[in-house]
Every structure is written in structure tokens, then in C-alpha cells.
Amino acid sequence: MAEKVRIFDTTLRDGEQSPGATLMHRQKMLIAKQLAKLNVDVIEAGFPIASEDDFLAVKEIAETVKGPTICALSRAIPKDIDRAWEAIQNAKNPRIHTFMSSSDVHLKYQFKISRKEALQMSIEAVKRSCSYCKDVEFSPMDATRTDPKFLFQMVEAAIDAGATTINIPDTVGYAQPIEFGALIKAVIEHVPGIKNAVVSVHCHNDLGLAVANSLEAVRNGARQVECTVNGLGERAGNASLEEIVMNLHIRKSIFNCSTGINLRQLYPSSQMVTNLTGISVQRNKAIVGENAFAHEAGIHQHGLIADSQTYEIMNPEMIGKTTKLVLGKHSGRHATKKVLAEMGFNLTEQQLKQVSQKIKQLADKQKTVLEEDIIAIASDVTRQLVQEKRRIELDEVRVNTGNKVKPTATVTLMIDGKKKTAQGKGVGPVDAVASAIQSMLPERISLKEYHLKAITGGTDALADVVIKVQNGKGNVYNAESINEDIIMASANALVKGINKALASKKSKSRA
Ligand SMILES: [Zn+2]
């Protein structure tokens, strides 16, 4: 019998700490519901002490998302633990995750405390967490740079105090698979109480080894893996959920472990997280990248036509990626709703109406409407409606461009309910629109990055624009918009980014 590996998703906590990935409350709710559909075992919903926003999002997820255990992070400090519990107490299966550094370098320079003090704080934190909740996870932070003897001692103490999951993090992404596997094995061998706890791992990708390290840990006895959709996370990110899950699935004979993940929700989850965070995955990313199943070489294509197994170890349908025509001009609302539900979108009637309209418009223009188009449209619509505060609305855009005129744009915005119009010049029409918009803003917000891609097909394809804007304090916000028209996609993305920058007063959490 294959043993179960629990999938602990930290997209909403560690993933949300990715530079520029700040998610709004409604967006977090959408992702949490999608994670439940994906059937992860644990959702780490946030770090409640970090901000009021974080607290409220964790609380609502705990109260409304059914299925997975809902976990809240807290430092080994009483007020953190109390706040974490306050946020998750109404979950059906709540978990408190508390952590304390164990490496000398952290204790000496960051915390300025002795090993003895760190040990005492850990024990007290676990005991306080256990007084609220029977499911308690403890992490010795920076475990891979900790003296193993002290690590074993801290883990044993945490289990004695009541911890039911022990998470060994490679906080700085320093470990190599061979050492990390050996470390997990050593923890299991040297900590007598470990049989009363689940061993978990949390690997960062600074050297590109987060997935490899996590898998080696599973081979050595870890039974929970912490990971994020698309591998989002601090710096180079965390272990990618889809890669962990597909490795365990495709190479079952090596691991003899299974997960409860609904594989067909992997691709929709990846698309949703891309769209809501505005952070795209690289084209050649394993499993969910745009090219992951694309074959260009003639000899491969020939082989594939003869038999798909010649060059494919898995197929796109397995992860819920199908490039077939699913909806057309004549598809009714009911069919649209069903297809969208299968893709992981639960839309309101109003959203459904908007999505159906856009699909029809696109079907009029291009012959086929592919699944990617539908996901893009649905994500765009849900994202528009989840924007909480929109101080700025786009009213009208006109551009004048060509090879013999200086590109100019006239843009009308509604700013806090008042209509304003301005003109802008630029090297091209998009630049002219951006300068017109920026000249009307109540505070300085600059465009830091601009990316454009066509989602499918030719010159009538949907244009997908992803931008980054920066406010005066140096905070960066992502936004994305999809439209058949490049200028409109660009203008909408810019307005979305500006609204995010104007609305957000959140301080970023660190853990
Ligand atoms: Zn982390």
C-alpha cells in the first residue's frame, strides 16, 4: 500500500511574500477555494499577526473553505499564537504553525539569544498552541544550517510539548539533495519521539533544488511536503506543488507514496495563481509552462503521431490542460457555466454573463476559442470584480499613431468620481497612453516593467499584458489585463496596477 504524503500548500503565506505578489482579500478567497478543489491537505492561509488584512483573510478562509486543514503561522511569541488562534478557531480542522530559529547564526545575530533560551521559547510556544488546538506544527527555522545535535534536541522538546507535525525547513535554500535526505533520515533516527509526529519539509529554491530536496526527503521518510502553486515564494521561491505532485505520481515505483491531489486541477490552479498574482511562470517551466507539452522537432512530432508514448511521459489532459475547442458562438449560458466549473471557476450570475459575452465576441473574431482563452477571460472577469477599491476608472482612450506622426494619446479617467482628460506623447501608442494616464494621477506611480504576450493564434489573438508599477515608497504591484486590443489591454493593466498601489497600505510580513 502506498503511503500518503500530505500536501501542505503555502501559496497564500510564503507565496504571497514573493516580491510584488501581494494579493487582495477577495483574491485570497478565490485561491483558497481553488486549493480546496485541488484537494490539498493543508492550506497555510497566512500570518495573522502581520497585518489586519492577513488576519481577516485567514479568518474568512477558516470559516468558509471546507475540506483542507486551515493553518495559521505564528512566531514563538504569545501574542502571535493568540492572534493565530483567533483567526482559525472556527475552522473545522484548525492548525497552528509556530516556529523558532535553531541555527547559531540566526540566534546570535537576529534574535540575540542563547540556545537554551531558544529551546525554552519553542517549548512554551508549542504548549501555548496546544492549549488552543490539538493540531500543532513546529518548525526549527534554518534547520539545514543548525548543529544537528541541537536540532534533534529542539525537535524532541517540541514533540514532548505536544507538536504533532515537525517541519524541517531549508529556509535559505542551501541544502543539496544528498545531505537533505540524510538530515531527514538522521532526525527520524535520533529523535525517539518522532514516531508520534509527521515529518514535514519546507525547501527554498535558491539553488534550484527545492523540488529535488523535497523528493529526497520523502524517500527518507518525510510525509508532508510544503510547497506553492507555480513555486512562488520568498526570493527564488518554494518547491513547486505541481512538480512535487507529478514526480510522486509519474515515478510511483520509486517513492511508493501517493497524494490526494486532484491532478486535473493542477493546470487551472496554476493559471488562476498566475492571473491573480500577475506573476507568470517561465514558458519552459515543468508541468505548467506554456511549452511543457509542445513538440517542435519534426522527428518528435512524427513519433508522437505514431504513438504518444514515444516522447511523452505524461499528457496535458492529466493535469487538466486541454487545447480543444470547448465553447463556441452558439454555446448557451448553461454549457459555459459547466465548462467554467470544470476549470475551477465558480462564477456569480453577473460574472457568468460577462464571461459569456466575451467568449461570444471572441468566437465572432477568431475561428476557435481554446481553453486557454476561456481561462484568461474568466480570470480577467473575476479579477476585475474582486478589485476592492477602485479610485480610478478608465473612461475613454484615443490614440493617433503611424510612421509619419508622433504617437499621441488622449485618455479620460474617472478619478475619485471626477472626470479628467489629458494628452500624452510617447515613442509608441502604448507609451503615449501611459504618459497621459500618469500625468493625471494624485500621486507619483511609475511603470517599472511591461510584458506583452499573445495567448493563442495570430493577429486577432487575445493580448495579455502584465505590468509592474511602483509607488513613491518603493512598493511594487503587479497587474494584468487581457483584451483583443493591445492598447486597451495595456491601459486596463496600468489602471489596475495604479488602483492596487493606491489602495494598499499593507505592511509585508516576514517569516
Ligand atoms: Zn519559506
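Residue numbers here run from 1 along each chain, matching the order of that chain's written sequence. In view of the model being predicted, local features appear only for residues whose pLDDT reaches at least 70, and side-chain atom pairs are presented and counted only at 80 or more, with totals across whole chains, interfaces and linings using the full set of residues.

1. Some thoughts on the overall build of the protein chain
For step 1, the next point in the chain: Helix and strand definitions here come from DSSP, where helices need a minimum of 4 consecutive H or I residues and strands a minimum of 2 consecutive E residues; each element is numbered from the N-terminal end. Looking only at helices and strands, one finds 17 helices and 16 strands in the protein chain.
For step 2, the next point in the chain: Radius of gyration: C-alpha atoms only; globule rule: 2.2 Å multiplied by the number of residues to the exponent 0.38. For the protein chain, the C-alpha radius of gyration of 24 Å lies close to 24 Å, the compact-globule estimate for 511 residues.
For step 3, the next point in the chain: Principal axes of the C-alpha set define a box for the protein chain whose edges measure 75 × 60 × 40 Å.
For step 4, the next point in the chain: Burial in this document is a count-based property: other C-beta atoms within 10 Å of a residue's C-beta are tallied, and the residue is buried at 20 or more, exposed at 12 or fewer, or partly exposed in between, with C-beta positions derived from the backbone. Counting every position in the protein chain, which comprises 511 residues, the buried fraction comes to 48%.
For step 5, the next point in the chain: In this description, any two residues whose backbone-derived C-beta atoms lie within 7 Å of each other are considered to be in contact. Taking as baseline every contact in the protein chain between residues at least 6 positions apart, the subset at least 24 positions apart corresponds to 67%.

2. Digging into the sheet that holds strand 11 (residues 392-400)
For step 1, the next point in the chain: With respect to topology, three strands assemble into an open sheet ordered 11-12-13, the strand pairing being antiparallel. Each of the sheet's edge strands pairs with one partner strand only, and the pair in question is strand 11 and strand 13 (418-425). Here the strands of the sheet are splayed against their neighbours by 15 degrees on average, with no regard to which way each runs.
For step 2, the next point in the chain: Note on pairing: DSSP must find at least two bridges between two strands before they are called paired. As paired strands, strand 11 and strand 12 (residues 408-415) are joined by eight bridges and run antiparallel to one another. Of the residues in strand 12, the one forming a bridge with Asn400 is Thr408. Helix axes use the C-alpha atoms of the stretch in contact, all axes being lines fitted to C-alpha atoms, and the angles between their N-to-C directions lie in the range 0 to 180 degrees.

3. Observations regarding the packing of helix 7 (residues 177-190) against helix 8 (residues 210-219)
For step 1, the next point in the chain: Contact pair helix 7 / helix 8: the axes reach a minimum separation of 8 Å and the direction vectors enclose 35 degrees. Here helix 7 runs over helix 8; the crossing is right-handed. Residues Pro177, Phe180, Gly181 and Ile184 of helix 7 form the contact with helix 8, whose participating residues are Ala212, Asn213, Glu216, Ala217 and Arg219.
For step 2, the next point in the chain: Taken together, the residues of the contact of helix 7 with helix 8 sort by class into five nonpolar, two polar and two charged. By definition, turning the near helix anticlockwise from the far helix through less than a right angle yields a left-handed crossing, and turning it clockwise yields a right-handed one. When residues are grouped by polarity, Ala, Val, Leu, Ile, Met, Phe, Trp, Tyr, Cys and Pro land in nonpolar, Asp, Glu, Lys and Arg in charged, and all others, Gly among them, in polar.

4. Structural notes on the pairing of strand 5 (residues 94-101)
For step 1, the next point in the chain: Among the eight residues that make up strand 5, eight are buried, leaving the element largely enclosed by the rest of the structure.
For step 2, the next point in the chain: The alternating pattern of strand 5 places Pro94, Ile96, Thr98 and Met100 on one face and Arg95, His97, Phe99 and Ser101 on the opposite face, and all of these are buried.
For step 3, the next point in the chain: Where strand 4 (residues 69-75) meets strand 5, six bridges bridge the pair, whose relative direction is parallel. For Arg75, the partnering residue across the bridge sits in strand 5 and is Phe99.
For step 4, the next point in the chain: Relative to strand 6 (residues 136-141), strand 5 is paired through six bridges, and the arrangement is parallel. Opposite His97, over in strand 6, you have Glu137 as the bridge partner.

5. A closer look at the nonpolar core
For step 1, the next point in the chain: For the purposes of this analysis, a nonpolar core is taken to be any set of buried Ala, Val, Leu, Ile, Met, Phe, Trp, Tyr and Cys residues that are connected through C-beta atoms within 7 Å. Counting residues in hydrophobic clusters, the biggest one holds 95 residues, and the most contacted among them are Ile43, Ala45 and Val225.
For step 2, the next point in the chain: When residues no more than four places from it in sequence are discounted, the contact partners of Ala45 are Leu12, Arg13, Ala32, Ala57, Val58, Ile61, Ala62, Ile70, Cys71 and Ala72.
For step 3, the next point in the chain: With 43 residues, the next largest nonpolar core counts Phe345, Val397, Ala434 and Ile487 among its residues.

6. Thoughts on helix 1 (residues 25-38)
For step 1, the next point in the chain: In a regular helix each residue adds 1.5 Å, so 14 residues correspond to 20 Å; helix 1 covers 20 Å between its end C-alpha atoms and thus fits that length.
For step 2, the next point in the chain: Taking burial as the measure, the 14 residues of helix 1 include ten buried ones, the bulk of the element.
For step 3, the next point in the chain: The set of residues buried in helix 1 consists of Gln27, Lys28, Leu30, Ile31, Ala32, Lys33, Gln34, Leu35, Ala36 and Leu38.
For step 4, the next point in the chain: One or two residues past the end of helix 1 sits Asn39, with phi positive at roughly 70 degrees. What a helix is expected to span follows from its residue count: subtract one and scale by 1.5 Å.

7. What about the packing of helix 3 (residues 78-88) against helix 5 (residues 115-132)?
For step 1, the next point in the chain: The interhelical angle for the contact between helix 3 and helix 5, taken along N-to-C directions, is 25 degrees, at an axis separation of 10 Å. One finds that helix 3 runs roughly parallel with respect to helix 5. For the pair helix 3 and helix 5, the crossing hand works out as right-handed. Taken together, the residues of helix 5 that come into contact with helix 3 (itself represented by Pro78, Ile81 and Trp85) are Ala125, Arg128, Ser129 and Tyr132. For classification purposes, angles smaller than 35 degrees are called roughly parallel, those larger than 145 roughly antiparallel, those between 65 and 115 roughly perpendicular, and all remaining angles oblique.

8. Focus: helix 14 (residues 349-365)
For step 1, the next point in the chain: Between its first and last C-alpha, helix 14 extends 25 Å over 17 residues, near the 24 Å set by a 1.5 Å rise per residue.
For step 2, the next point in the chain: For helix 14, the full list of buried residues reads Val355, Ser356, Lys358, Ile359 and Leu362. Down the axis of helix 14, the buried side of the element spans an arc of 170 degrees, and every buried residue falls inside it. When the buried face of helix 14 is taken as reference, the exposed residues oriented beyond 90 degrees from it are Glu349, Gln350, Gln357, Gln361 and Asp364. Taken from the helix axis, the directions to the C-beta atoms give the arc we talk about.

9. Description of the environment of Leu263
For step 1, the next point in the chain: You can see Leu263 is positioned in the loop between strand 10 (257-258) and helix 11 (266-277).
For step 2, the next point in the chain: On the basis of neighbour counts, which here come to 18 C-beta atoms within 10 Å, the residue Leu263 falls in the partly exposed class.
For step 3, the next point in the chain: Placed 17 residues apart in sequence, Leu263 and Met246 show a C-alpha to C-alpha distance of 8.2 Å.
For step 4, the next point in the chain: Here Leu263 is in contact with His249, Met318 and Ile319, once residues within four sequence places are set aside.

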